[in-house]
Amino acid sequence: MVGAGLGGVRTAQTLRRLGHRGPVTLLGAEPSLPYDRPPLSKAGLAGERPPVWLATSPELSAAGIVLHTGVTVLSLSPTTVTTSSGSFSYDQLVIATGAEPRRLPVPQPPHGVHVLRTLADATRLRQVLAAGSRLVVVGAGVLGCEVAATARSLGVEVTLVEADTAPMRRLLGAGLGERLAAVHRAQGVDVRCGSGVTAIRGDSAVTGVELADGTVVPADNVVVAIGAVPRTDWLRDSGLTLADGVVCDESLRAAPNVWAVGDVCRWTGTDGVSRRSEHWTNAGNQAEAVAAAIVSGRPTPYESVPWMWSDQYHLKITCLGDPADGDDVRVTPLDDGDRLKAVFSRAGIVSAVAGFSAGGAVLRLRGALGKPLTEVAA
Amino acid sequence: MKVAVDQELCDGYGNCVMNAPEAFDLDDNDKAIVIADEVPDGDGAVERAVVGCPFNAISTH
Ligand SMILES: Cc1cc2nc3c(=O)[nH]c(=O)nc-3n(C[C@H](O)[C@H](O)[C@H](O)COP(=O)(O)OP(=O)(O)OC[C@H]3O[C@@H](n4cnc5c(N)ncnc54)[C@H](O)[C@@H]3O)c2cc1C
């Protein structure tokens, strides 16, 4: 396994659980034991929860999994990987190198601009989120919204800047995105949509963020959360097909004996659509599918229903299925506050179900995906 | 075997319901609850729910 995040670790663990006998080696660039990323923008960033380890050293050795931390893989041949500390030969290789934050393509001062992907990033960011300091979060996707919410809960003055018309619009559509903007505003976040960032001001440290409409938002710190790019740089000369991820077939195979799982994997669904997911559940499910294919020697098409969640303030936002731009959305409030469920449909067929603090209600509708909307009770 | 969810650890992410809907549900407070008194030993879906819980809140005995 190249990459010791969720995808790599879960593949290794599942190989053992399914009875794989040969040596299992995990190569990871990060210095620490493998840990879970979702808490890094939530309770972990607020300092309320210690890191959640994906596996401890005793667990790994009991399972017969060899983990090399601090080892960066530099290149791949059909039999060998070359790393920053020697080569390793393989019979089966699983690519699980995840993704890295996209950088803002504007000049920026050396201090005060942050991204959030690793435990080290979260530890650094936590130290500067002092109550009363001014933070601008660039990008109101899942990650940016969570960082804004957590920083706000720490008493930070937060401005959330988004070039699109509403937070999380790509995932949830405009209607729910606007409701979410209202939630953030009610918590005291200055939400500014429809204007991209043109410059970050400051010589040695950040002083402000300049928007396309000419306004300048003063800031002590900036978090850039404008998406992630799959980490395929080390595969440039491998002969594998790369196109916003490692291109795989229906069973997550990139080449004979080479597989990809998690954020780095672009696979073709059984519906013929090419996809890449950046969600926790998908990384775990793909890891289990690949481990099963390796142990059984029988690759089968990967099938799973997309499932994601996000914690923002008192709300747990969940989404099941594959919503798309232009879907019809039917929203049902579940109380006088913010709780709701929403059914997305395309040409009368249910494409997704989302909820604000309504995980149970959303999951109970999983049988409705792909069915006519008329069959779903309101 | 029997399945239990530690309600203190559970954060309601619902992965267990996705993995093993016959054994788990989420209640109105978004906490996982066990809905099967007994599941078959080595039940693959429940095993996936155990490892697929982000907070290791599920145990079997
Ligand atoms: C802050 C944050 C919050 C999140 N919250 C949620 C959430 O609430 N819900 C949800 O569904 N998803 C969430 N996600 C997404 C989820 O964490 C990812 O989908 C998941 O981590 C993907 O796992 P992965 O193994 O593919 O990649 P990663 O976890 O990124 O692991 C890849 C590993 O490979 C290593 N690596 C990269 N290149 C090399 C190399 N050349 N050699 C060796 N090692 C290498 C990296 O250092 C890294 O450790 C969140 C992500 C982040 C960053």
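Rules of the game
- What you see as residue numbers is a count from 1 along each chain, following the sequence as written.
- Chain letters start at A and ligand numbers start at 1, both assigned in the order the entries are written.
- For a predicted model such as this one, the threshold for reporting local features is a pLDDT of at least 70, and the threshold for listing and counting side-chain atom pairs is 80 or more; totals across whole chains, interfaces and linings nevertheless cover every residue.
- Heavy atoms from the whole structure form the basis of all side-chain values; hydrogens and water molecules are not counted.
- An automatic or database domain assignment provides the domain bounds reported here.
- When checking whether two residues touch, look at their non-hydrogen atoms; a contact exists if any pair is within 4.5 Å.
- Using a 1.4 Å probe, buried area is obtained as the accessible area two parts lose upon being combined, added over both of them.
- Two N or O atoms form a polar contact when they lie within 3.5 Å of each other; inside protein one atom must be a possible hydrogen donor and the other a possible acceptor, and for residues adjacent in sequence the pair counts only when both atoms belong to side chains.
- In this count, Pro and Cys sit with the nonpolar residues alongside Ala, Val, Leu, Ile, Met, Phe, Trp and Tyr, while Asp, Glu, Lys and Arg are called charged and the others, Gly among them, polar.
- A pair of strands is labelled paired if DSSP reports no fewer than 2 bridges between them.
- Only DSSP runs of H or I covering at least 4 residues are called helices, and only runs of E covering at least 2 are called strands; the numbering of each starts at the N terminus.
- Between N-to-C directions, angles span 0 to 180 degrees; the directions come from axes that are lines fitted to C-alpha atoms, helices contributing only their stretch in contact.
- Crossings are assigned a handedness: left-handed for a near helix turned anticlockwise from the far helix by less than a right angle, right-handed for a clockwise turn.
- Within this scheme, the nonpolar core is defined by two criteria: the residues are buried Ala, Val, Leu, Ile, Met, Phe, Trp, Tyr or Cys, and they are joined through side-chain atoms within 4.5 Å.
- Summary of the burial criterion: residues with accessible area below 20% of their type's maximum are buried, those above 50% are exposed, and those between are partly exposed, where the area comes from a 1.4 Å probe applied to protein chains only.
- One heavy atom within 4 Å of a molecule or strand is enough for the residue carrying it to be called near that molecule or strand.
- Only the protein chains shown count as cover for residues, and all accessible areas are computed by the Shrake-Rupley method using a 1.4 Å probe.
- Aromatic rings from Phe, Tyr and Trp, taking only the six-membered ring of Trp, are treated as a pair when their centres fall within 6.5 Å; an angle between ring planes under 30 degrees marks them as stacked, one over 60 as edge-to-face, and anything in between as tilted.
- Note on geometry: a ring has a charge over it if NZ (lysine) or CZ (arginine) is within 6 Å of the ring centre and within 35 degrees of the ring normal.
- In the sections that follow, a salt bridge refers to a side-chain nitrogen of Lys or Arg positioned within 4 Å of a carboxyl oxygen of Asp or Glu.
- It is the directions from the helix axis to the C-beta atoms whose arc is reported.

## Focus on the domain arrangement of chain A
Residue and element names in this part refer to chain A.
- Taken as a whole, chain A is organised into domain 1 (6-100 + 228-296), domain 2 (103-224) and domain 3 (314-375).
- On a C-alpha basis, the centroid separation for the pair domain 2 and domain 3 is 27 Å.
- Counting residues at the interface gives 9 residues for domain 2, matched by 12 residues for domain 3.
- Both faces combined, the contact of domain 2 with domain 3 buries some 930 Å², and carbon together with sulfur accounts for 74% of it.
- Where domain 2 meets domain 3, there are 1 residue pair in polar contact (both at pLDDT 80 or more).
- The residue makeup of the side of domain 2 that touches domain 3, split by class, is 6 nonpolar, 1 polar and 2 charged.

## Remarks on the sheet that holds strand β5 (residues 86-89) of chain A
Residue and element names in this part refer to chain A.
- Spatial ordering of the open sheet is given by β3-β4-β5, a layout of 3 strands whose pairing is antiparallel. Each edge of the open sheet is held by one strand with a lone partner, namely β3 (73-76) and β5. Between one strand and the next, the sheet's axes are offset by a mean angle of 25°, whatever the strand orientation.
- With 3 bridges joining them, β3 and strand β4 (residues 80-83) adopt antiparallel strand pairing. Counterpart to Leu-76 in the pairing with β4 is Val-81.

## Section: the packing of helix α1 (residues 6-17) of chain A against helix α7 (residues 280-296) of chain A
Residues and elements named next belong to chain A.
- Running from N to C, α1 and α7 point in directions that differ by 40°, and their axes come no closer than 8 Å. The two elements α1 and α7 meet at a crossing, and its hand is right-handed. Here Leu-6, Gly-7, Arg-10, Thr-11, Thr-14, Leu-15 and Arg-17 of α1 lie close against α7, whose contacting residues are Trp-280, Ala-283, Gly-284, Ala-287, Glu-288, Val-290, Ala-291, Ile-294 and Val-295.
- Residue composition of the contact of α1 with α7, by class: 9 nonpolar, 4 polar and 3 charged.

## Some details on the sheet that holds strand β18 (residues 253-255) of chain A
Residues and elements named next belong to chain A.
- If you walk across this open sheet you meet the 3 strands as β6-β19-β18, and the pairing is mixed. Edge positions in the sheet fall to β6 (93-95) and β18, since each of these pairs with one other strand and no more. Sheet twist, expressed as the average angle between the axes of neighbouring strands with direction ignored, equals 35°.
- In this structure, β6 lies alongside strand β19 (residues 258-260), joined through 3 bridges in parallel fashion. When the sheet's bridge partners are listed, Leu-93 is paired in β19 with Val-258.

## Some thoughts on the nonpolar core
- Counting residues in hydrophobic clusters, the biggest one holds 77 residues, and the most contacted among them are Ile-95 of chain A together with Phe-24 of chain B.
- Tallying contributions element by element places α7 of chain A first for this core, with 6 residues.
- Two domains each donate at least three residues to this core, and these are domain 1 (6-100 + 228-296) and domain 3 (314-375) of chain A.
- With sequence-adjacent residues up to four places away left out, Ile-95 of chain A is seen in contact with Val-2, Trp-234, Leu-235, Leu-240, Val-246, Val-258, Trp-259, Ala-260, Val-261 and Val-264 of chain A.

## Comments concerning the site of the ligand
All names here are of chain A.
- Not every one of the 33 residues close to the ligand is listed here, only the nearest: Gly-7, Glu-30, Arg-37, Lys-42 and Arg-117.
- Within the backbone of Gly-7, an N or O atom sits 2.7 Å from an oxygen atom of the ligand.
- Within the side chain of Lys-42, an N or O atom sits 2.6 Å from an oxygen atom of the ligand.
- Protein coverage of the free-state accessible area of the ligand, which is 990 Å², stands at 95%.
- Mapped onto the shell around the ligand, the elements with two or more residues apiece are α1, α5 (142-153) and α7.
- Residue composition of the shell around the ligand, grouped by class: 15 nonpolar, 10 polar and 8 charged.

## A closer look at the packing of aromatic side chains
- By the definition in use, this model includes 4 aromatic pairs over all chains.
- Here the aromatic rings of Trp-309 of chain A and Tyr-13 of chain B are separated by 4.2 Å at their centres, their planes lie at 20°, and the arrangement is stacked. Of this pair, Trp-309 of chain A sits in strand β22 (residues 307-312) while Tyr-13 of chain B sits in the loop between β1 (3-5) and α1 (15-19), each in a different chain.
- Note on Tyr-13 of chain B: relative accessible area 5%, which makes it buried.
- Through successive ring pairs, a cluster of aromatic residues spans Trp-280 and Trp-309 of chain A together with Tyr-13 and Phe-55 of chain B.
- Just above the ring of Phe-55 of chain B sits the side chain of Arg-49 of chain A; from NZ or CZ to the centre is 4.0 Å.

## Some details on the side chain of Thr-318 of chain A
All names here are of chain A.
- Residue position: Thr-318 is located in strand β23 (residues 315-321).
- Taking relative accessible area as the criterion, Thr-318 reaches 1% and is therefore assigned buried.
- Each residue touching Thr-318, except ones within four places of it in the same chain, is listed here: Trp-307, Met-308, Trp-309, Val-353, Ala-354, Gly-355, Gly-359 and Val-362.

## Regarding the interface of chain B and chain A
- If you look at the interface, chain B gives 21 residues, while chain A gives 25 residues.
- Around 1,900 Å² of area is buried between chain B and chain A when both sides are counted, 52% of it from carbon and sulfur atoms.
- There are 4 salt bridges connecting chain B and chain A.
- Residues Arg-364 of chain A and Asp-25 of chain B are paired through a salt bridge, measuring 2.9 Å at the closest nitrogen-oxygen approach.
- Taken together, the connections running from chain B to chain A amount to 9 residue pairs in polar contact (both at pLDDT 80 or more).
- For the side of chain B that touches chain A, the secondary structure elements donating two or more residues are α1, β2 (24-26) and α2 (44-51) of chain B.
- If you tally residues by element for the side of chain B that touches chain A, the top one is α1 of chain B, at 4 residues.
- Partitioned by chemical class, the residues of the side of chain B that touches chain A number 10 nonpolar, 5 polar and 6 charged.

## With respect to helix α4 (residues 119-128) of chain A
All names here are of chain A.
- Taken as a whole, α4 has its buried residues at Leu-119, Asp-121, Ala-122 and Leu-125. One side of α4 carries all its buried residues, which in axial view fall inside an arc of 150°.
- Contact partners of the buried residues in α4: α2 (43-46), β8 (113-114) and β15 (221-224).

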